[in-house]
Amino acid sequence: MNARPPSAVIRHAYIHVPFCPSICPYCDFHVLERRGDQVARYLTRLDEEARELGQRYDVQLETLYLGGGTPSFLRDDEMKALVASVRAHLGWGRLENTLEINPGTVSPARAALWRELGFDRASVGIQSLDDATLRFLGRQHTAQTARDAVTELLAAGFRVSGDLITAVAGQPLERDIEGLVALGVEHVSAYTLTIEPGTPFARRGVEVDEDDERRGFEQTETLLTGAGFERYEISNYARTPGAHSRHNRAYWTGEYFLGLGPGGAGFYPPIQSRDAPTSQDRGQPLPFRRTNPHLHEWLTGAQGEAELLSPGDVATDSFFMGLRLREGVHLPTVSRRSGLDVLAHYGEVIDDQIGRGLLERSGEYLRATPQGWWQLNSVVAALMERDSEAETLSP
Ligand code: SF4
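Note that the structure is predicted; figures quoted are calculated from it, not measured.

Colleague: What's the story with the overall build of the chain in this structure? I'm lost.
Modeller: Assigned secondary structure in the chain consists of 15 helices and 15 strands. Principal-axis analysis of the C-alpha atoms places the extent of the chain at approximately 60 × 55 × 40 Å. Each of the 395 residues in the chain was classed as buried or not, and the buried ones make up 52%. Look at the contacts in the chain between residues 6 or more apart in sequence, and 71% of them connect residues 24 or more apart. Of the roughly 17,900 Å² of accessible surface on the chain, a fraction of 48% belongs to carbon and sulfur atoms.

Colleague: What am I meant to see in helix H1 (residues 38-56) here?
Modeller: The α-helix advances 3.6 residues per turn, and as a result positions three or four apart in sequence lie on the same side. If you check H1, its first and last C-alpha atoms are 27 Å apart, about what 19 residues at 1.5 Å a residue would give, namely 27 Å. Buried within H1 are the following residues: Gln38, Val39, Tyr42, Leu43, Arg45, Leu46, Glu49, Ala50, Leu53, Gly54 and Arg56. Next to the buried residues of H1 lie strand E1 (9-17), strand E2 (58-68), helix H2 (76-89), strand E9 (258-260), strand E10 (265-268) and helix H10 (295-298).

Colleague: I keep staring at the packing of helix H6 (residues 173-183) against helix H8 (residues 210-226) and nothing clicks. Help me out?
Modeller: Describing two packed helices takes the angle between their axes plus the distance from one axis to the other. Contact geometry for H6 and H8: axes closest at 10 Å, N-to-C directions at 35 degrees. Along this stretch, H6 crosses H8, giving a crossing that reads as right-handed. On the side of H6, the interface is formed by Leu173, Glu174, Ile177 and Val181, while H8 contributes Gly216, Gln219, Thr220, Leu223 and Leu224. Looking at the contact of H6 with H8 residue by residue, the classes come out as 5 nonpolar, 3 polar and 1 charged.

Colleague: In this structure, what is going on with the nonpolar core? I would like to understand it.
Modeller: One recurring pattern in soluble globular proteins: nonpolar side chains tend to sit buried together. Judged by nonpolar contacts, the single largest core of 61 residues is most densely connected at Tyr42, Leu153 and Leu258. Here the element with the most residues in this core is H1; it accounts for 6 residues. Among all residues touching Tyr42, those that are not within four sequence positions of it are Ile15, His16, Val17, Pro18, Phe19, Leu82, Pro262, Leu295, Trp298 and Leu299. Among the nonpolar cores identified, the runner-up in size contains 23 residues, and Ala315, Leu323, Val349 and Ala382 belong to it.

Colleague: Just to check I follow, could you spell out the packing of aromatic side chains for this structure?
Modeller: We describe a pair of aromatic rings using the distance from one ring centre to the other and the angle between the two ring planes. Across all of its chains, the model carries 13 aromatic pairs by this definition. With centroids separated by 6.4 Å and ring planes inclined at 40 degrees, the aromatic side chains of Tyr26 and Phe201 adopt a geometry described as tilted. Of this pair, Tyr26 sits in the loop between E1 and H1 while Phe201 is found in helix H7 (residues 200-203), placing the two residues 175 residues apart along the sequence. One exposure class covers both Tyr26 and Phe201, and it is buried. A connected cluster of aromatic rings, assembled from ring pairs, spans Phe19, Tyr42 and Trp298. Sitting over the ring of Trp298, Arg45 keeps its end group 5.9 Å from the ring centre. It is Arg115 that lies over the ring of Phe158; its NZ or CZ is 5.7 Å from the centre.

Colleague: Looking at this model, I keep getting lost on the confidence of the model for the chain. Mind explaining?
Modeller: Any residue range with low pLDDT should be treated as having predicted coordinates unsuitable for detailed reading. Looking at the chain, the pLDDT average stands at 92 and 93% of residues meet or exceed 70. When the criterion is pLDDT under 50, residues 1-6 qualifies, and its contacts beyond four places in sequence or with other chains add up to 13 contacts. Per-residue pLDDT stays below 50 along residues 278-282; that stretch engages in 6 contacts with residues further than four places along the chain or on separate chains.

Colleague: Even after reading the chapter, I still don't get the sheet that holds strand E11 (residues 288-291), so can you show me in this structure?
Modeller: By way of backbone hydrogen bonds, the strands of a sheet pair with one another, either parallel or antiparallel. The 3 strands lie next to each other as E10-E11-E12, forming an open sheet whose pairing is antiparallel. Strands at the two margins of the open sheet, each flanked by one partner only, are E10 and strand E12 (306-308). In this sheet, neighbouring strand axes are inclined to one another by 25 degrees on average, regardless of whether the strands run parallel or antiparallel. Two elements, E10 and E11, share 4 bridges in a ladder whose sense is antiparallel. Pairing of Ala265 across the sheet is with Thr291, part of E11.

About the cut-offs
- Residue numbers here run from 1 along each chain, matching the order of that chain's written sequence.
- Two thresholds apply to this predicted model, a pLDDT of at least 70 for residue-level local features and 80 or more for giving and counting side-chain atom pairs, whereas whole-chain, interface and lining totals are computed over all residues.
- The side-chain numbers reported here are obtained from all heavy atoms of the structure, hydrogens and water having been left aside.
- Strands here are runs of E lasting at least two residues and helices are runs of H or I lasting at least four, both read from the DSSP assignment and numbered beginning at the N terminus.
- Relative accessibility thresholds used throughout: buried, under 20% of the residue-type maximum; exposed, over 50%; partly exposed, between the two (1.4 Å probe, protein chains only).
- Throughout, a residue-residue contact means that at least one pair of heavy atoms, one from each residue, lies within 4.5 Å.
- Computed with a 1.4 Å probe, the accessible areas rest on the Shrake-Rupley method; for each residue, only the protein chains presented here act as cover.
- By definition here, a helix of n residues has an expected span of 1.5 Å times n minus one.
- Interaxial angles span 0 to 180 degrees and are taken between N-to-C directions of axes, which are lines fitted to C-alpha atoms, for helices over the stretch in contact.
- What makes a crossing left-handed is the near helix being turned counterclockwise from the far one by less than a right angle; a clockwise turn instead makes it right-handed.
- When residues are grouped by polarity, Ala, Val, Leu, Ile, Met, Phe, Trp, Tyr, Cys and Pro land in nonpolar, Asp, Glu, Lys and Arg in charged, and all others, Gly among them, in polar.
- The term nonpolar core refers to a set of buried residues drawn from Ala, Val, Leu, Ile, Met, Phe, Trp, Tyr and Cys, joined through side-chain atoms within 4.5 Å.
- Within 6.5 Å between ring centres, the rings of Phe, Tyr and Trp (the latter by its six-membered ring) count as paired, and their orientation is classed by plane angle as stacked under 30 degrees, edge-to-face over 60, tilted in between.
- Criterion for a charge above a ring: Lys NZ or Arg CZ within 6 Å of the ring centre, and within 35 degrees of the ring normal.
- pLDDT expresses how confident the predictor is about each individual residue, on a scale running from 0 to 100.
- Should DSSP find at least two bridges between two strands, the strands are regarded as paired.

Structural data, given as structure tokens:
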């Protein structure tokens, strides 16, 4: 067994389940339809991966997120085997354990089983409560299936979050949001439809109208905040502070997390062991990201390349993720994590963005204004540019 590094506790884990009943034309995730003995081989490899990570790191889980793909598409015996592996090697989340759920896979008996296995939060891929919009998105469920699924999950005692896609041409967004609110979900994740290269939508030339995009971005906030939800993150709304996603907060605030399963991405603390990635040129251990390869390769035990993060990477990642939160990023934390004095390093760019009305300071926090949220990519690009300038100037 490898020596455990000091103060390298990992409190969060993401597990990717790549199987889906069918593939939606806008989907850009690592997904596939199940074939032959793929799921059995997936479960065997996942058990090994969980054991390896449990041995390598000091894992004390607070949150666990089973995402995909469609994890709820696993059959009951498969789900039991997956949960047994995770519990045996990594333990279980002390605060929150989320299962991503496709409405078409829910029944009262299955909801009860998932609760018994230890999941307490359901993230349900509702996307819309309008049948024509669902058909356009290539979803297999109807609005009624989604309503029934949420009702059954709430009855089983789940905290329920509903996913919503906005900016679909002709979508009755107001009705969608009113319907979601009426269902009693405590949380909504609202994402703009994006056409990613290589997807069936991209091949068919589907486009998202910029006005629809802007309307979706603004109208979602107006309607949900009007219904008593707080927009606590650029795409996420909660009925109460207790309804925030604790797992996703770990991403937004730069915590370490394990990434298991094919295509699963993790963020790891610097480790000092023979097989750990090193940074000889910088002479210091660096945290790193690692994204697992896709199923075929992952089943052979292959791991993705470790991507070492320089101090500038750590800082700009923190801005990129932290500025998504309403409260913004805590600047002293970014300085401590990255080893950079962020105000000295990025001060000029930050002041410029404040002058343009895109960022604002509030005590030790730096946060995006509503306009800054809309232009978040360009705000972060300006910060990253500061790093490339610094690298070009340094000898
Ligand atoms: S259900 Fe979700 S993960 Fe599966 S193909 Fe559709 S969008 Fe992708």
